Amino acid sequence: MYDDNNIFAKILRGEIPCNKVYEDDATFVFMDIMPRSSGHCLVIPKSPARDIYDCDEAALAAVMKTTKKIAIASKKAFDADGITVQQFNESAGGQVVFHLHVHVIPRFEGVKLRPHSGDIEAANMLVENADKLIAALS
Ligand code: AMP
């Protein structure tokens, strides 16, 4: 069951702030506040979907289309050596927020990911990284 009080539903409704990177009719992209690597952002469908089982195929296709766009922009924006794309389902699968989302994480040779849901990033870094992604998208 989708719970529309989850934190990403609140971000979509503008009830809590985020560092927005991109949106189109079907998807929304914003910075992860506890990045596993600097520049980590999240792609979500605008329509309610708890996880991959619950998400209709058109919304999922739109999320993946945006994910590709963001992965290309992320590589350019951060001069990344690679990009990790992750998507978790249910607590046992590592999911913490129950609105489907795809993680897009810039990677650098020899640099390990920080812990999942670790430290909150400095606000100015989130703004700076969102701006870099926005510039790379234009
Ligand atoms: P998961 O559900 O395990 O795929 O991960 C949820 C992700 O959401 C984690 O990477 C968190 O750092 C991130 N997160 C949690 N709250 C917020 C928020 N208010 N704004 C941006 N990212 C968030």
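See the structure above.
By convention here, each chain's residues receive numbers from 1 onward along its written sequence. In keeping with the model being predicted, local features are shown solely for residues with a pLDDT of at least 70 and side-chain atom pairs are shown and tallied solely at 80 or more, while totals for entire chains, interfaces and linings include all residues. Water and hydrogen atoms play no part in the side-chain values, which are based on all heavy atoms of the structure.

Caption draft 1: Summary view of the overall build of the chain. Looking only at helices and strands, one finds three helices and five strands in the chain. What counts as a helix is a DSSP run of H or I of at least four residues, what counts as a strand is a run of E of at least two, and both are numbered from the N terminus. Counting from the amino terminus, the chain carries its helices and strands in the arrangement α-β-β-β-α-β-β-α. Our radius of gyration is a C-alpha quantity, and the globule rule it is checked against amounts to 2.2 Å times the number of residues to the power 0.38. Here the C-alpha atoms of the chain give a radius of gyration of 14 Å, agreeing with the 14 Å that 2.2 N^0.38 yields for 138 residues. For the chain, the spread of C-alpha atoms along the principal axes amounts to about 40 × 30 × 25 Å. Residue burial in the chain is summarised as follows: out of 138 residues, 41% are buried. The contact criterion used is simple: two residues touch if any of their non-hydrogen atoms lie within 4.5 Å. Once local pairs closer than 6 in sequence are excluded, the contacts in the chain between residues at least 24 apart make up 62%. Here the Shrake-Rupley method, with its probe set to 1.4 Å, supplies the accessible areas, and only the displayed protein chains count as covering residues. Carbon and sulfur atoms make up 55% of the accessible area of the chain, which totals about 7400 Å². Residue exposure (1.4 Å probe, protein chains only): buried if accessible area is under 20% of the type maximum, exposed if over 50%, otherwise partly exposed.

Caption draft 2: Expanded view of the pattern of salt bridges. We define a salt bridge as a contact between a side-chain nitrogen of Lys or Arg and a carboxyl oxygen of Asp or Glu at a distance within 4 Å. Taken as a whole and assessed by the stated rule, the structure comprises four salt bridges. Taking the shortest distance from any N to any O, the salt bridge between Arg13 and Glu15 comes out at 2.7 Å. Assessed through its relative accessible area of 48%, Glu15 is described here as partly exposed. In this structure, Glu23 engages Lys20 in a salt bridge whose closest nitrogen and oxygen atoms are separated by 2.5 Å. Residue classification places Lys20 among the partly exposed positions, given a relative accessible area of 39%. Residues joined by salt bridges that share partners form a network here, namely Lys20, Glu23 and Lys46.

Caption draft 3: Inspection of the environment of Ile52 at higher detail. Its location among the elements puts Ile52 in the loop between β3 (41–45) and α2 (57–78). Sequence-wise, Ile52 and Leu100 are 48 residues apart; in three dimensions their C-alpha atoms are separated by 6.7 Å. Beyond its immediate chain neighbours, meaning those up to four positions away, Ile52 contacts Leu60, Gln87, Asn89 and Leu100.

Caption draft 4: Representation of the sheet that holds strand β1 (residues 20–23) within the structure. Taking strand neighbours across the sheet as the criterion, the five strands line up as β1-β2-β3-β5-β4 in an open arrangement whose pairing is antiparallel. The sheet is open, and its two edges are formed by β1 and β4 (82–86), each paired on a single side. The sheet shows a mean angle of 20° between the axes of neighbouring strands, taken without regard to direction. For two strands to count as paired, DSSP must find a minimum of two bridges between them. For β1 and strand β2 (residues 27–31), the ladder comprises three bridges, and the chain directions are antiparallel. Residue Lys20 lies in a different strand from β2, and its bridge partner there is Phe30. Between N-to-C directions, angles cover 0 to 180 degrees, with each direction set by a line fitted to C-alpha atoms, over the stretch in contact for helices. This element, α2, spans β1, β2, β3, β4 and β5 (102–107) of the sheet and lies at about 15° to β5.

Geometry only, nothing functional implied.
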